[in-house]
Amino acid sequence: MATHEQLESTSSRPVLDPTLTMQDESSKDVAPSAAFKRKSDEANITADTIHIGTRKSALAVIQAEMVLAELKKAHPETQYEIHAMSTMGDKNQVTALHEFGAKSLWTHELEAQLLEGKLDLIVHCLKDMPTQLPPKCTIGCIMEREDPRDCVIMKKGLEYKTLLELPEGSVVGTSSVRRSAQVKRKYPHLKFKDVRGNVGTRLNKLDAADGEYTCLILAAAGIIRMNWKDRITQYLDSKTVGGGLLHAVGQGALAIEIREGDEKTLNVLAELINEDSTFAGTAERSLMRTLEGGCSVPIGVETTWIEKGKLLMKAIVVSLDGTESVEAERLGEVLNVRDADEFGWELAQDLVKKGAAKILEAINLNRPVIAEGGGA
């Protein structure tokens, strides 16, 4: 997702330029890998209060509390406060996500507070973060990733478990064009209806006696964190029989945004950084940034560590109606942030060579907000 204006790319290369090699500078997308080597006894952290920003939804607050618990383990001498607020995406629960003209739906208001110094860090789902961050903002930490897959939750009382079992005309609830496009590609006989609201609201809409949804497709990580894992009837990934989907970029990972140059907060976060999640997330975001895609564009990914330092990444770009798609995968050595950024860029180039740019261009031309001059 881009922010309200088209910001200068935080990647080390321009978009879609296969002739350009890596620059000397590391990607600004995540703190330098040297941060992994910091030890808590070298952090020079004072007992001042650290102010943590988060969205106001139940899931977002739980995620902020998870981060708070880890921070207290690492630095029990420091005081912490959580500040929850509603963002643009929270306030408007009616408009479909792909119809918003502005795309930093879950981050903009929080970032304003961060830059004003009212917050020291913001807890985000990595998938909700723009791939081009505002000036003076950076990702200080990506934590260990929860299950990144999508999952199916059936309406209570129905005997179905998987997408493959659903009869013609069944209504699948999702606010993601990535999910609907991939399912349309495999199951054109199913219907789709947008569903907004926090996770609990969506489940209530699903289970309502007069509700029209047969099932929902949601991120497994959120369901697990809300302790509703028993509602999951099917996990979706590339190997799933009867409904394989590739997940959203960054899905399942928590990222912590800080002010650029804020060494104190970076030191506080050092012990929360997970290398595998950071490198995988950086590669995924590099791919999406290169393709200029966002949450309203059907780009799916799947990253798997085959062994330490060796990453397998799959990606797909799908037309909105599911009739056209381009897939690619790449296996390579990823040992640091620079490798990860390069790896995602290379896979994006593979997709472009196969025709992904044509699909994405058609999506942009047909999106109502583009036709109305609202920007992308």
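Anything mentioned here points back to the structure above.
What comes next concerns the included structure. Remember, it's a predicted structure, so these values are computed and weren't measured experimentally.

1. Some details on the overall build of the protein
Along its length, the protein carries 11 helices and 13 strands. Residue pairs in contact within the protein that sit at least 24 positions apart in sequence constitute 72% of those at least 6 positions apart. For the protein, the exposed surface amounts to about 16,200 Å²; the carbon and sulfur share of it is 48%.

2. Regarding the sheet that holds strand β1 (residues 49-55)
Ordered by their spatial adjacency, 5 strands build an open sheet running β2-β1-β3-β10-β4, and the pairing between neighbours is mixed. One side of each edge strand has no neighbouring strand; the edge strands of this open sheet are β2 (79-85) and β4 (137-142). When strand polarity is set aside, the average angle formed by the axes of neighbouring strands in this sheet is 30°. Sheet analysis places strand β3 (residues 121-125) next to strand β10 (residues 254-259), joined by 4 bridges and oriented antiparallel. Bridging from a neighbouring strand, Ile122 pairs with Glu257 of β10.

3. A closer look at the side chain of Lys155
Relative to the elements of secondary structure, Lys155 occurs in the loop between β5 (150-154) and β6 (171-173). Asp207 is the oppositely charged side chain nearest to the buried, salt-bridge-free Lys155, at an N-O distance of 5.9 Å. Ignoring anything within four residues of it in the chain, the contact list for Lys155 reads Leu206, Asp207, Ala208, Gly211, Tyr213, Thr214, Cys215 and Arg231.

4. Some points on the environment of Ala209
By the secondary structure assignment, Ala209 is in the loop between α5 (199-207) and β8 (215-219). Taking relative accessible area as the criterion, Ala209 reaches 84% and is therefore assigned exposed. When the C-alpha positions of Ala209 and Lys155 are compared, they lie 9.6 Å apart, and in sequence the two are 54 residues distant.

5. Considerations on the nonpolar core
Of all hydrophobic cores here, the largest spans 26 residues; its most connected members are Leu287, Leu291, Ile299, Met313, Val317, Leu351 and Leu360. Judged by nonpolar contacts, the second largest core, of 20 residues, contains Leu68, Tyr80, Met143 and Leu269.

6. Digging into the packing of helix α8 (residues 275-291) against helix α9 (residues 337-353)
Orientation of α8 relative to α9, taken along the N-to-C sense of each, is 40°, at an axis distance of 7 Å. On the basis of the axis angle, α8 is oblique to α9. For the pair α8 and α9, the crossing hand works out as right-handed. Of α9, the residues touching α8 (which contributes Thr278, Phe279, Thr282, Ala283, Ser286, Leu287, Arg289, Thr290 and Leu291) are Val337, Ala340, Asp341, Phe343, Gly344, Trp345, Leu347, Ala348, Gln349, Leu351 and Val352.

7. Thoughts on the pattern of salt bridges
This model, assessed by the stated rule, comprises 20 salt bridges. Salt-bridge contacts for Glu70 lead to Lys73; the nearest nitrogen and oxygen are separated by 3.4 Å. Separated by 3 residues within a single helix, Glu70 and Lys73 lie in helix α1 (residues 58-74), roughly one turn from each other. You can call Glu70 partly exposed: its relative accessible area is 32%. A residue is classified by how much of its surface remains accessible, and Lys73, at 64% relative accessible area, is exposed. With a closest N to O distance of 2.8 Å, Arg185 and Glu327 form a salt bridge. Taken as a pair, Arg185 in helix α4 (residues 177-186) and Glu327 in strand β13 (residues 325-333) lie far apart in primary sequence, 142 residues in all. In the salt-bridge network here, residues are joined through shared partners; they are Arg55, Lys127 and Asp128.

Criteria and cut-off values
Residues numbered from 1 in each chain as written. Predicted model: local features only at pLDDT ≥ 70, side-chain atom pairs only at ≥ 80, totals over all residues. Heavy atoms only, no water. Helix = DSSP H or I, 4+ residues; strand = E, 2+ residues; numbered from the N terminus. Contact = heavy atoms within 4.5 Å. Areas by Shrake-Rupley, 256 points an atom, 1.4 Å probe, with all protein chains shown as cover. Pairing = 2+ DSSP bridges. Axes fitted to C-alpha atoms, helices over the stretch in contact; angles between N-to-C directions. Buried < 20%, exposed > 50% of the residue type's maximum accessible area, 1.4 Å probe, protein only. Lys, Arg positive; Asp, Glu negative; His and termini not counted. Salt bridge = Lys/Arg side-chain N within 4 Å of Asp/Glu carboxyl O. Core = buried A, V, L, I, M, F, W, Y, C linked by side-chain atoms within 4.5 Å. Parallel < 35°, antiparallel > 145°, perpendicular 65-115°, else oblique. Left-handed = near helix turned anticlockwise from the far one by under 90°.

Scope: geometric values only; no functional claims are made or implied.
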